[in-house]
Amino acid sequence: SAVISQKPSRDICQRGTSLTIQCQVDSQVTMMFWYRQQPGQSLTLIATANQGSEATYESGFVIDKFPISRPNLTFSTLTVSNMSPEDSSIYLCSASSGGSSSYNEQFFGPGTRLTVL
Amino acid sequence: KQEVTQIPAALSVPEGENLVLNCSFTDSAIYNLQWFRQDPGKGLTSLLLIQSSQREQTSGRLNASLDKSSGRSTLYIAASQPGDSATYLCAVLYSSASKIIFGSGTRLSIRP
């Protein structure tokens, strides 16, 4: 299994500012993902973080709003840009490893609870 | 449309009871199905992963079954404890998709 840590664990931010969330995995993984979970809702995939290339975004999410980096096989960042109160959510990093990585167990970090005032 | 449904949305039972959580999916062509637990305000903890070729997986008091033909999975919790109180999420990786699809979860409360 993979152990995933996220920083910060929570933050309160002002409207119009940006926050970068870091995700660190304790082993090399093939796939890393970023999810958003709005209050009382299930998880929504924002994007797949690709190592060495641009992230793959889901419908409704764009790079200008949620830029993602993945410089190596153990680390990724998600930036929430120009924040508004609607961005208040828990942001979760996840990872999956293995050759045919899509077939393998997916692990999640503890989440970052973001509140935008 | 590929969906995952969990019913009921919430469940409350007295301590010690055995219980079953349900998950249904719309397409039998799946790679795997995973059950997670989420405590309030926390991340997800993986409980069990069932590959497409498997019928069930067990871990301690938990048993998950998979019936692809009927599009169903169940999570059986034996001898429930107050510490089992959490939201349980089912997630399916469909063969034609590159991402897992989550159900909306069942919020479980075990009464002492």
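Rules used in this analysis
Residues numbered from 1 in each chain as written. Chains lettered and ligands numbered in written order. Predicted model: local features only at pLDDT ≥ 70, side-chain atom pairs only at ≥ 80, totals over all residues. Heavy atoms only, no water. Helix = DSSP H or I, 4+ residues; strand = E, 2+ residues; numbered from the N terminus. Rg over C-alpha atoms; globule rule 2.2 N^0.38 Å. Buried < 20%, exposed > 50% of the residue type's maximum accessible area, 1.4 Å probe, protein only. Contact = heavy atoms within 4.5 Å. Areas by Shrake-Rupley, 256 points an atom, 1.4 Å probe, with all protein chains shown as cover. Pairing = 2+ DSSP bridges. Phe/Tyr/Trp six-rings, centres within 6.5 Å; stacked < 30°, edge-to-face > 60°. Buried area = accessible area lost by both parts, 1.4 Å probe. Salt bridge = Lys/Arg side-chain N within 4 Å of Asp/Glu carboxyl O. Polar contact = N/O pair within 3.5 Å; in protein donor to acceptor, adjacent residues only side chain to side chain. Nonpolar A, V, L, I, M, F, W, Y, C, P; charged D, E, K, R; others polar.

(A) Quick peek at the overall build of chain A. The secondary structure content of chain A amounts to zero helices and eleven strands. Across chain A, helices and strands are ordered from the amino to the carboxyl terminus as β-β-β-β-β-β-β-β-β-β-β. Its C-alpha radius of gyration of 13 Å places chain A within 12% of the 13 Å reference for a compact globule of 117 residues. In terms of its C-alpha atoms, chain A occupies a principal-axis envelope of roughly 40 × 25 × 20 Å. Within the span of chain A, comprising 117 residues, buried residues form 50% of the whole. Residue pairs at least 24 apart in sequence account for 55% of intrachain contacts in chain A once pairs closer than 6 positions are excluded. Entry remark: accessible area of chain A is about 5,500 Å², with carbon and sulfur atoms responsible for 47%.

(B) Broad picture of the pairing of strand β1 (residues 4-7) of chain A. Residue and element names in this part refer to chain A. On β1, burial follows the alternation: Ile4 and Gln6 on one face are buried, whereas Ser5 and Lys7 on the facing-out side are not. Bridging between β1 and strand β3 (residues 19-25) involves four bridges; their strand directions are antiparallel. What sits directly across from Gln6, in β3, is Cys23.

(C) Looking closely at the packing of aromatic side chains. Here the structure, examined in full by the defined rule, presents seven aromatic pairs over all chains. For the ring pair A:Phe33 and A:Tyr35, a centre distance of 6.5 Å and an interplane angle of 50° mean the geometry is tilted. Overall, the relative accessible area of 1% leaves A:Tyr35 in the buried class. Residues B:Phe36 and B:Phe102 carry aromatic rings whose centres are separated by 5.7 Å and whose planes lie at 40° to one another, so their mutual orientation is tilted. In this pair, B:Phe36 sits in strand β4 (residues 30-38) while B:Phe102 sits in strand β10 (residues 100-102), placing the two residues 66 residues apart along the sequence. Within the aromatic cluster, the residues linked to one another by ring pairs are A:Phe33, A:Tyr35, A:Phe108, B:Phe36 and B:Phe102.

(D) Structural context of the interface of chain A and chain B. Every contact between the two is made by 19 residues of chain A and, on the other side, 20 residues of chain B. Contact between chain A and chain B buries roughly 1,500 Å² in total, counting both sides, with carbon and sulfur atoms accounting for 53%. At the boundary of chain A with chain B, the tally comes to zero salt bridges. Taken together, the links from chain A to chain B amount to five residue pairs in polar contact (both at pLDDT 80 or more). Looking at the side of chain A that touches chain B, the elements that each hand over two or more residues are β4 (31-37), β9 (89-96) and β10 (106-108) of chain A. Taken together, the residues of the side of chain A that touches chain B sort by class into ten nonpolar, six polar and three charged.

(E) Looking closely at the pattern of salt bridges. In total, this model carries three salt bridges over all chains according to the counting rule given. Between A:Lys65 and A:Asp87 there is a salt bridge, and its shortest N-O distance comes to 2.6 Å. One end of the pair, A:Lys65, is in the loop between β6 (56-57) and β7 (68-72); the other, A:Asp87, is in the loop between β8 (75-80) and β9, with 22 residues separating them in the sequence. On the basis of relative accessibility, which here comes to 4%, the residue A:Asp87 falls in the buried class. The closest approach of N and O atoms between B:Arg37 and B:Asp39, which form a salt bridge, is 3.0 Å. Judged by its relative accessible area of 17%, B:Arg37 falls in the buried class.

(F) Region of interest: the side chain of B:Arg37. Residues and elements named next belong to chain B. Mapped onto the elements, Arg37 comes out in strand β4. There is a polar contact of 3.0 Å between the side chain of Arg37 and the side chain of Asp39. Among residues more than four places away in sequence, those in contact with Arg37 are Gly43, Leu44, Thr45, Leu47, Gly83, Asp84, Ser85, Ala86, Thr87 and Tyr88.

Remember that the coordinates give geometry; whether it matters functionally is a separate question.
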